[in-house]
Amino acid sequence: MSIQSFQPGQIVYVIIRNPHAQDVANVQEAAVVQNPDAPGDLALFVYETYYPLNDEVAVFSSSSEAENAFQEAFGYTEIEGYYG
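Not measured: the values here are computed from a predicted model.

Peer 1: Where do I start with the side chain of Asn35 in this structure?
Peer 2: One can find Asn35 in the loop between strand S2 (21-34) and strand S3 (42-46). The class for Asn35 is buried, based on a relative accessible area of 12%.

Here it is in structure tokens:
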């Protein structure tokens, strides 16, 4: 998806790494919001933090799309629904 196609209030899914354990990543729901630090720009709000919405972030419109991309990038886990 192009970042221009997102609207504030839209729920999307991203693959995000744990900031405390870089070898751990998971699929996380995020909200598209107005960027409070850059009026006119959009941001992703996840884990009570704003992240710039740009082409460097892989954003998916459904959890199944994100989970498929996660599995392609990181492989399948033995426990269904657990990503880490």
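Now that the structure has been shown, we can carry on.
Peer 1: What is the right way to look at the environment of Asn26 in this model?
Peer 2: Note on placement: Asn26 falls in strand S2. Among the residues examined, Asn26 registers a relative accessible area of 22% and is labelled partly exposed. Spatially, the C-alpha atoms of Asn26 and Ile15 are 5.5 Å apart, while their sequence positions differ by 11 residues.

Peer 1: I tried to follow the nonpolar core on my own but got confused; where do I start?
Peer 2: Soluble globular proteins: nonpolar side chains tend toward being buried together. Counting residues in each nonpolar core, the largest one holds 11 residues, listed as Phe6, Val12, Val14, Ile16, Ala30, Val32, Leu42, Leu44, Val46, Leu53 and Val59. Among the secondary structure elements, those contributing two or more residues to this core are strand S1 (11-18), S2 and S3.

Peer 1: I tried to follow the pairing of strand S4 (residues 49-52) on my own but got confused; where do I start?
Peer 2: Here is the key point about a regular strand: its side chains alternate between the two faces of the sheet. One ladder, built from 4 bridges, connects S3 with S4; its direction is antiparallel. If you follow Val46 over to S4, its bridge partner there is Thr49. Where S3 folds back on S4, the antiparallel hairpin that results is connected by 2 residues, among which Tyr47 adopts a positive phi of roughly 55°.

Peer 1: Whenever I open this one, the packing of aromatic side chains confuses me. Can you help?
Peer 2: Two aromatic rings, taken as a pair, are described by how far apart their centres are and by the angle between their planes. Under the defined criterion, the tally for this structure stands at 2 aromatic pairs. On the numbers, 4.8 Å between centres and 45° between planes, the contact of Phe45 with Tyr50 is tilted. When the centroid spacing of 4.9 Å and the interplanar angle of 35° are considered together, the rings of Phe70 and Phe74 count as tilted. Taken together, the residues Phe70 and Phe74, both in helix H1 (residues 63-74) and 4 residues apart, mark about one turn of the helix.

Conventions used here
- Residues numbered from 1 in each chain as written.
- Predicted model: local features only at pLDDT ≥ 70, side-chain atom pairs only at ≥ 80, totals over all residues.
- Heavy atoms only, no water.
- Helix = DSSP H or I, 4+ residues; strand = E, 2+ residues; numbered from the N terminus.
- Buried < 20%, exposed > 50% of the residue type's maximum accessible area, 1.4 Å probe, protein only.
- Core = buried A, V, L, I, M, F, W, Y, C linked by side-chain atoms within 4.5 Å.
- Pairing = 2+ DSSP bridges.
- Phe/Tyr/Trp six-rings, centres within 6.5 Å; stacked < 30°, edge-to-face > 60°.

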